[in-house]
Amino acid sequence: MIRNYLKIAFRNLLKNRSTSFINIFGLSAGMAVTMLIGLWIWNELSYDKYHANYDRIASVWQRMTKGDEGGAFNSLPIPLAAHLRSTYPDDFKQVVMSADGIHTLSAGDKKFTRSGVFTEPGGPEMYSIKMLKGTRNGLKEPASILLSASLASALFGDKDPMDQLVKMDNNRHLVLKVTGVYEDLPENTSISGTDYIAPWALFINNWTWIGDMKDKWDFNAVKLQVQIADNADMDKVSAKISNALASHITLDPGVKEELFLHPMSKWHLYSSFENGVNTGGQIRYVRLFGIIGLFVLMLACINFMNLSTARSEKRAKEVGIRKAIGSMRRQLIWQFLSESVLVAFFSFVLSILIVLIVLPWFNQVANKHIGILWGSLVFWCIGIGFTLFTGLLAGSYPALYLSSFQPLKVLKGTFRAGRFSALPRKALIVVQFTVSIILIIGTIVIYRQIQFAKNLPVGYTRNGLLSIQMTTPEIYRNYNVIKRELIASGMVTAVAESQGPLTDIWASAGDYKWRGQRPDQMGGFNVIGGRMDYGKTVDWKFIAGRDFSEEFATDSMGLILNEAAAKYMGFDNPVGEIIRKDSLEYHVLGVVHDMIMASPYEKVQPALYYLLKEPGNFVNIRINPEVSTGKAMAAIQNIMQKYNPAAPFEYKFADEEYAKKFSEEERIGQLSTFFALLAILISCLGLFGLASYLAEQRTKEIGIRKILGATVFQLWKMLSKDFVVLVSISCCLAIPVAWYALNKWLLKYEYHTTIVWEIFAFTMLGALLIALLTVSYQAAKAALANPVKSLRAE
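This is a predicted model, so every value here is computed, not measured.

An account of the packing of helix 14 (residues 423–454) against helix 23 (residues 712–746) is needed here, citing residue identities and associated values.
One can describe the packing of helix 14 onto helix 23 by two numbers: an axis separation of 7 Å at closest approach and a directional angle of 40°. By the angle between their axes, helix 14 is oblique relative to helix 23. Read as a crossing pair, helix 14 and helix 23 show a hand that is right-handed.

See the structure below:
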């Protein structure tokens, strides 16, 4: 019987080729979108599961609050690690300190600047690093290093890297022996891109600024990761250690400090904090695309339902005869469901081909390395189950509807579908276009928000500004000579060191005091150190006061505030005010416009700029606007390599680094556009099929109207107006829903665009035009047909 059902289903597909094509292609497009989104969600949800102890690892964070102010950060004092080990031995299996670092590694004439981590010996074991050579215990010696497979290959080629020597930052005190090579970390792990792992002792012993602070409880400088004991509960351990730091530091009255564990399972998807409280993160995109995938699949299923029920009258006699010779309704339902499942099966096969074709582009846009999980039993179980579910869902309504026909009426020729039989189809068309229009409006608003953020004034001039990270002793030793030669070359107008990069914040500090400070203010600020020419180099804009000057020796204890800091302190005229930090007094020299150095979507935090007394981390260079960038870069490279030959010439332009801050939103925008276009395509396919069917059903009516003098335009108008009405209803439903949802979404951004009426007008006109173009072909074809052919059988 099942074979018979499938045979009849296959014959019906061949008999109605155009409808079958629309059904199969529409469903396959919906399935392909859902499969792509499913693979993306799988990648996101499997983040960090590379690590065997994934569900037992956490990072230690601290939360500080005072009144309505608060903050959470994962920089901690060094003594805390030993305290946790000794005080809670039954709760932790591993307690590991770590610090990220970008350093130059060289072997022979090969040199590369790479990102890595300094960690205690238990780090590789805790993270279950997969070793290709050596063991995870390779960090027990201070002068050792583990390399990733790609970096080992780059440094040593085909030569065995084990026991080879690597020099870090061209420092004769940092000659390290390779004691292990590990497999490159996958992209969906939080420590992806770690090209080397070096001993913690090396970090403490060779960087004096951190070594001098190893016993200080009030110096937050390192990260702390833990692996809880096998029989421990993450929440209970987090609650147990909450006061572990507060007992070792002195806090201002009203300040509350507590530690908490942030599990690895939340590092990627729940990485955002506001006022010390976790507010989500990447998980919102997982939910968004999950909803979009379900909607797109629903649109494809609606097409199948609509076209199947629309052609029901053609199969009415078949149903009547089957019922008359003894077929039960249950058997008819199974027959029609088998046809639906067959369509779903063909669609599933085609959807895999579509995914294979689209996947390279999708990976490029999504910045992923996703592949079809061919060897995964789970994938095939989900895929087959998904196909059956889709087939049964898409065929449920047609099966129940067709099997309900009464055989007596059908065979006597008195069966009529009824005046309200088209209502479900019309309702489904409205649903289709409502969803499509919402997606289109959402895509436009996302694009506008990205452009709005890009065009925000950033408080300094990005064009022609670049940074070079200082990694070797030579660049520190020759900094003044490098600066003089760069400016003397005429290719550069300004050079200045800074403590952090131009497009990020690396340091913050609290406990600042000032006149008129409220009791509920914590006194925390971002702090950015720079040399005397820092302001000239970045071209910041003053609101009040002046820049640092060599004419005034007292400027070494001067500060420059940004607008946010001046507003936070409540000064009407900040210039000349005194700001205290511990026993030191600083005086305010000036106020500059807010510089957007962190996220362009978040509120600019209060910041203090001070003069560096120690060497910085970056050389910032302003290219002369009167010379070509290529010519200037060649001159800069020659000078840098002349005085810093041990490091590769690597630089970052401020405008390019700033543009990277929009990469996540741009990816979401591109993917949303792709899904919105597919949604409208699927909707139009259904509309095209229905228009074709209705034109076929009204062939004789059209012929009679033509004979009686109806023009082609009048016939086109008659066949198109119903669809225009339905799309207009969709617009009326979609616009308020889209406005509410997108307005709520935009309010999450501190700086956001506005939703203007032109967006809705453009989308409405576009949807109507697309609908008209879709149905016009069939309408015009029917209107231009020879009436003699349609009436000759009468």
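Would you mind going over helix 16 (residues 479–488) in detail, with residue names and values included?
Those residues of helix 16 lying buried are Y479, I482, K483 and L486. Buried residues in helix 16, looked at end-on, bunch into an arc of 100°, giving them a common side. Among the exposed residues of helix 16, those pointing more than 90 degrees away from its buried face are N480, R484 and A488. For helix 16, the secondary structure elements touched by its buried residues are helix 15 (473–477), strand 15 (492–498), strand 24 (618–623) and helix 19 (629–643).

I'd like a description of the packing of helix 16 against helix 19, backed by residues and values.
Interhelical geometry of helix 16 versus helix 19 gives an angle of 160° and a closest axis separation of 10 Å. With respect to each other, helix 16 and helix 19 are oriented roughly antiparallel. Here helix 16 runs over helix 19; the crossing is right-handed. In this structure, helix 16 contributes V481, I482, E485 and L486 to the contact, and helix 19 contributes I636, I639, M640, K642 and Y643. By residue class, the composition of the contact of helix 16 with helix 19 is seven nonpolar, no polar and two charged.

Can you break down the packing of aromatic side chains residue by residue, with the values?
Tallied over the full model, the rule gives 29 aromatic pairs. Measuring from centroid to centroid gives 6.4 Å for Y88 and F92, while their planes differ by 90°, and the two rings are edge-to-face. Given the relative accessible area of 12%, Y88 is considered buried. Seen in terms of ring centroids, F379 and W380 are 5.2 Å apart; in terms of plane orientation they differ by 75°. Their pairing is edge-to-face. Residue F379 is classed as buried on the basis of its relative accessible area, which comes to 11%. For W380, a relative accessible area of 27% corresponds to the partly exposed category. In this structure an aromatic cluster arises from ring pairing among W40, F289, W361, F674 and F675. Lying over the aromatic face of F260, R63 brings its terminal NZ or CZ to 4.2 Å of the ring centre. Sitting over the ring of Y270, K266 keeps its end group 5.9 Å from the ring centre.

Reading the values: the criteria
Residues numbered from 1 in each chain as written. Predicted model: local features only at pLDDT ≥ 70, side-chain atom pairs only at ≥ 80, totals over all residues. Heavy atoms only, no water. Axes fitted to C-alpha atoms, helices over the stretch in contact; angles between N-to-C directions. Helix = DSSP H or I, 4+ residues; strand = E, 2+ residues; numbered from the N terminus. Parallel < 35°, antiparallel > 145°, perpendicular 65-115°, else oblique. Left-handed = near helix turned anticlockwise from the far one by under 90°. Buried < 20%, exposed > 50% of the residue type's maximum accessible area, 1.4 Å probe, protein only. Arc of directions from axis to C-beta. Contact = heavy atoms within 4.5 Å. Nonpolar A, V, L, I, M, F, W, Y, C, P; charged D, E, K, R; others polar. Phe/Tyr/Trp six-rings, centres within 6.5 Å; stacked < 30°, edge-to-face > 60°. Lys NZ or Arg CZ within 6 Å of the ring centre and 35° of its normal.

Geometry only, nothing functional implied.
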